Protein chains: 2
Amino acid sequence: MKNGMKVVVLGGDGFCGWPTSLHLSNLGHDVVIIDNLSRRNIDNELEAGSLTPIQPMGIRLKAWKDVSGRKIGFYNFNIAEDYEELLNVIQAEQPDVIIHFAEQRSAPYSMKSPKHKRYTVNNNVNATHNVLCAIVESGMDIHLVHLGTMGVYGYGTAGMKIPEGYLDIEVPTETGERIHQQILYPTNPGSVYHMTKTQDQLLFHYYNKNDNVRITDLHQGIVWGTNTNETNLDERLINRFDYDGDYGTVLNRFLMQAAVGYPITVHGTGGQTRAFIHIQDTVRCIQLAIENPPKCDERVMIFNQMTETHRVNDLAKQVSELTGGEIEYVSNPRKEAAENDLFVKNDLFLSKGLNPTTLDNGLLKEVTEVAKKYAYRADFSKIPAKSIWTKEQRPGIPEQKEENLVK
Amino acid sequence: MKNGMKVVVLGGDGFCGWPTSLHLSNLGHDVVIIDNLSRRNIDNELEAGSLTPIQPMGIRLKAWKDVSGRKIGFYNFNIAEDYEELLNVIQAEQPDVIIHFAEQRSAPYSMKSPKHKRYTVNNNVNATHNVLCAIVESGMDIHLVHLGTMGVYGYGTAGMKIPEGYLDIEVPTETGERIHQQILYPTNPGSVYHMTKTQDQLLFHYYNKNDNVRITDLHQGIVWGTNTNETNLDERLINRFDYDGDYGTVLNRFLMQAAVGYPITVHGTGGQTRAFIHIQDTVRCIQLAIENPPKCDERVMIFNQMTETHRVNDLAKQVSELTGGEIEYVSNPRKEAAENDLFVKNDLFLSKGLNPTTLDNGLLKEVTEVAKKYAYRADFSKIPAKSIWTKEQRPGIPEQKEENLVK
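Model, not experiment: these values are computed from the prediction. Think of each chain on its own: its residues are numbered from 1, step by step along the sequence as written. Note on labels: chains are lettered from A, ligands numbered from 1, in written order. The model is predicted, so local features are restricted to residues of pLDDT at least 70 and side-chain atom pairs to those at 80 or more, both for listing and for counting; the totals for chains, interfaces and linings are taken over all residues. No hydrogens and no water enter the side-chain calculation; it runs on all heavy atoms of the structure.

Our next topic: the pairing of strand E1 (residues 6-10) of chain A. Residues and elements named next belong to chain A. Taking burial as the measure, the five residues of E1 include five buried ones, the bulk of the element. Side-chain alternation along E1 places Lys6, Val8 and Leu10 on one buried face and Val7 and Val9 on a second face that is also buried. At least two DSSP bridges between two strands are required for those strands to pair. In this text, helices come from DSSP runs of H or I with a minimum length of four residues, and strands from runs of E with a minimum of two, each type numbered from the N-terminal end. Pairing between E1 and strand E2 (residues 30-34): five bridges, direction parallel. In the sheet register, Val8 faces E2, and the bridge partner there is Val32. Handedness rule for crossovers: strands pointing away from the viewer, path from the first strand over the helix to the second running clockwise, crossover right-handed. Handedness of the crossover is the feature at issue here: the chain leaves E1, passes through helix H1 (residues 17-26), returns alongside E2, and the resulting connection is right-handed. Bridge count between E1 and strand E4 (residues 97-100): four bridges; the pairing is parallel. Within E4, the residue paired with Val7 across the bridge is Val97. Burial here depends on accessible area, computed with a 1.4 Å probe over protein chains only, as a share of the maximum for the residue type. Under 20% is buried, over 50% is exposed, and the range in between is partly exposed.

Our next topic: the sheet that holds strand E3 (residues 73-75) of chain A. All names here are of chain A. Judged by pairing direction, the sheet is parallel, and its seven strands sit side by side in the order E3-E2-E1-E4-E5-E8-E12 without closing on themselves. Two strands lie at the open edges of the sheet, namely E3 and strand E12 (301-305), each paired on one side alone. Here the strands of the sheet are splayed against their neighbours by 20 degrees on average, with no regard to which way each runs. Contacts were defined at the residue level, with two residues in contact if any of their heavy atoms lie within 4.5 Å. Helix axes are fitted only over the stretch in contact, all axes being lines through C-alpha atoms; the angle between N-to-C directions runs from 0 to 180 degrees. Relative to the sheet, H1 contacts E1, E2 and E4, its axis offset from that of E2 by approximately 160 degrees. The strands touched by helix H7 (residues 192-211) are strand E5 (143-149), strand E8 (214-220) and E12; relative to E5, the strand with the most contacts, the crossing angle is about 155 degrees.

On to the sheet that holds strand E13 (residues 308-311) of chain B. Residues and elements named next belong to chain B. Reading across the sheet, the three strands line up as E9-E11-E13 and stay open at both edges, with mixed pairing between neighbours. In this open sheet, the two edge strands, each paired with only one partner strand, are strand E9 (222-224) and E13. Each strand axis lies, on average, 45 degrees off the axis of its neighbour in the sheet, ignoring direction. Looking at chain direction, E9 and strand E11 (residues 273-278) are connected through three bridges and run parallel. When the sheet's bridge partners are listed, Val223 is paired in E11 with Ile277.

Here it is, written out as structure tokens:
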């Protein structure tokens, strides 16, 4: 690894992008953020917001300068639309690495309406394609690191362990011979959002093949937790904590629900098994990804960026035991299998030195230091998951009326 | 099949869309075309045009009324941009079938520059997604038929026969067991254009799974020929014949080059094997596809819409023998394997009654009735393929100077 790399972070104002930017800056890299603040604007649209009081970008960057002495650059524009500006910034900044978080990342938001489906497809596919196009047009050798999702695999694995991106298969031929091949794991996305990430994979495959772009695609599990070593340094650096029905991730929602005395809402039976990772491990994984880039003629490198798998119902019970919160089983607004097993390989990051933060040692801290501390900011009306996958599904609203819930 | 179905043809002014519209109208279906005339506008941009004198849409539709007594409706707007208008037309017309040709369909055009790459991705992905979204929003049970390409498979089949969309595989597990699965054939697109069609497949898979949209995806080979029974009825109905380096398909280019006394330009060694289909068979296949729709809970139906495979060099020789034209081997502007075999299943269409037009019985007619007849309209400067896949490739320009070529 080069010391002090120039790193451009696309979507550096978001839940994963912001703590990643701070972590890499803290390591001595020269970090530049591009972000159009779309996540904050969607807060305005949804009339929802972070449980934690996040600061405007100007204050965030000043706080980081105060605390660390380091400067992070910032450009505000939309990479899915302003291709020329993206190319100009790449040519001016000459990055060694571009980290691409700049996609609409909520499955429920992507399913709210035709408008939201269309925004998600248009934004995510054009954002990713513009980055690839601009890297090729710049003529520079830039390592692109992309935040993908475990959801590209789908959750029906027929008992096998999900490999890191590529699957060994055998194809029986007419002569009875078996041809061995290694293919991109066949995708089975569960929402329009997840679908766009499967389309991203095809973009990466093509630009890697045709133009030798060096790409790392991180298939990330569901992130939980809020803060990292760097965002903890000053309250002005605090990270987002989403608890609303669209952007809140399942475990964080449970923690918040328990902290504010709202029912812990399990969708369906809670038999869904999912992969998880703490936000502290996310930023560490990104660091490991940029320290271990693929070679120039190497295929797209894929890591499974997760540390544990859990059944949703088990998580609910764990949070309930920890907090005394009450579990309520509600309608599942998503069209998905009610129950599934999930076995995932994550050897690559472990082999490179990842030392996971587990639920067992991080959960209670999250409840007391974040969920309870900022509970007074919660808007209960935003908690239920109301975006339904088709007209056949019902929103995940608890029976108890809002007014009866302790606040 | 219902008789007299309402059929909306997206891209009904194009090379495949126009003869399909006439063919279905002739069969008694009520046809409505939506087209923003982008193909004609690209002619303006490229300063190229059809060898055959195609008429404006107004004249085309009047001629069809004169000849057949049948009316074809026409809306001029961009389905990739004007979602509300698309939805309105679907709600007003209440189609039984939508046939989707409305994509940028040239591989070389898609590789000309970042602008062209970006246009192709943005246009094709949003066009397909808008159609799917609008079908779901309409709440109607509409059969969507999409023109895909054999190019989604790639051309490296390791000796096996390419199935119709789905591949039977075996996955060896850790316990030594083998899990049998049927997956979407792993894609390996050869251009940004082909890549968009692999992204379309993922859109179809998702909307079929989540919303039970009935979809037929036609993986078409390279089309040759110009006219069909219907376009032959009146010269005002004549179909496009593209011969330029971007939009001309390989066999039609050879026929035209031979007819005008230009070298038959083979890219590289001509060892590339590709799948072919005559335009008359294209319209017949579309007919068969709409007569044999998938059921409501059936997965995406995929047909290989091709009738023959040929090595490019063999085609060049066949055209040369037929016409006395001279073959010239030029640089390959594409990044692709110099040589490949190709074995393709096309049992589905044959089982439904397709009776192919073969090269052996159609080639000479095409040369005399189209290429020679309209040779006087050719612009030699537009013949070479100049769009290169990366900076490493060179345009496919013959050594002989233009001014020395007989015109």
